[in-house]
Amino acid sequence: IYTKKDSTWKDIDFQNVKINNEWKSVHFVYIKENDTWKRACKFVVEFWDSVEDEVLDTQYIVYGEDATEPDTTKTGYDFLGWDKSFTEIEEDIVITGDWKVKEFTVEFRSNLTNDLLKSEVVEYGNDATPPDPPEEDGYTFENWDGNYTDVKENETVYAKYSKITYTVTFEDYD
């Protein structure tokens, strides 16, 4: 059967072959070069996602050639790298990618003084916990102004205060 659109190679069955003095079960293919079909080994290269615990991509690579890196974009994560090389493939191989959850800093500040009340590092998509707002003479705390839930970037959140107003009535007692 032809397995590529340009028909440059086609599959045949698995066979046992001695490579570097070891017997291996190898998938053979025929590769078309200059209108001539040549027989070559083909190996399975499996790229594994360590976060989702699943296969990202499976490739069938001709002996001695390089596998192609799959897309490593993962929302909320930074890609750290692969656990082994995927160049000059000479055997079936499983390559595991490693990702780290992104972390962001949420700062809670006073809108009156800009003093830092609390700083918290949270993982992508998690919530920060606001501190108890400090009491400010002559002011009433209203709310936290800014985002501190489902955090997806660094955030600055301000304690919003309003001035306490008083009504003074002067009465004439004459």
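Enquirer: What is the right way to look at the sheet that holds strand E10 (residues 155-163) in this model?
Expert: Remark on secondary structure: sheet strands pair via backbone hydrogen bonds, oriented parallel or antiparallel. Here four strands make up an open sheet; going across it, the order is E8-E7-E10-E9 and the pairing mixed. The sheet terminates laterally at strand E8 (116-123) and strand E9 (139-145), the two strands that pair on one side only. Recorded for the sheet is a direction-independent mean angle of 20° between the axes of neighbouring strands. Bridging between strand E7 (residues 103-110) and E8 involves seven bridges; their strand directions are antiparallel. Residue pairing for E8: Arg-109 is matched across the bridge by Leu-116.

Enquirer: What should I look at first to understand the environment of Asp-145 in this one?
Expert: Mapping Asp-145 onto the fold places it in strand E9. Between the alpha carbons of Asp-145 and Ala-159 there is a distance of 6.2 Å; along the sequence they are 14 residues apart. Each residue touching Asp-145, except ones within four places of it in the same chain, is listed here: Thr-156, Val-157, Tyr-158 and Lys-160.

Enquirer: How do you make sense of the pattern of salt bridges when you look at a structure like this?
Expert: Close approach of charged atoms lets side chains of opposite charge pair. A complete count under the given rule lists seven salt bridges for this structure. Residues Asp-83 and Lys-84 are paired through a salt bridge, measuring 3.8 Å at the closest nitrogen-oxygen approach. Taking the relative accessible area as the measure of exposure, Asp-83 reaches 45% and is therefore partly exposed. Accessibility expressed as a relative area gives 37% for Lys-84, which makes it partly exposed.

Enquirer: Please clarify how the confidence of the model for the chain should be interpreted in this entry.
Expert: Low-pLDDT portions of the prediction should not be read for the details of their coordinates. Residue-level pLDDT values for the chain average 85, and 78% of them are 70 or greater. Contacts for the low-pLDDT stretch residues 1-6, under 50 throughout, to residues beyond four places or in other chains number nine contacts.

Enquirer: I keep staring at unusual backbone geometry and nothing clicks. Help me out?
Expert: Residues other than glycine predominantly adopt negative phi, and peptide bonds predominantly adopt the trans conformation. Notably, Asp-53 is not glycine yet its phi reads approximately 55°, a positive angle. Tracing the chain through its elements places Asp-53 in the loop between strand E3 (36-49) and strand E4 (54-62). Given a relative accessible area of 56%, Asp-53 falls into the exposed group. Here Asn-114, not a glycine, exhibits a phi torsion of approximately 65°, which is positive. For Asn-114, the location among the structural elements is in the loop between E7 and E8. Classification of Asn-114 by relative accessible area gives partly exposed; the value is 41%.

Criteria and cut-off values
Residues numbered from 1 in each chain as written. Predicted model: local features only at pLDDT ≥ 70, side-chain atom pairs only at ≥ 80, totals over all residues. Heavy atoms only, no water. Pairing = 2+ DSSP bridges. Helix = DSSP H or I, 4+ residues; strand = E, 2+ residues; numbered from the N terminus. Axes fitted to C-alpha atoms, helices over the stretch in contact; angles between N-to-C directions. Contact = heavy atoms within 4.5 Å. Salt bridge = Lys/Arg side-chain N within 4 Å of Asp/Glu carboxyl O. Buried < 20%, exposed > 50% of the residue type's maximum accessible area, 1.4 Å probe, protein only. pLDDT = per-residue confidence, 0-100.

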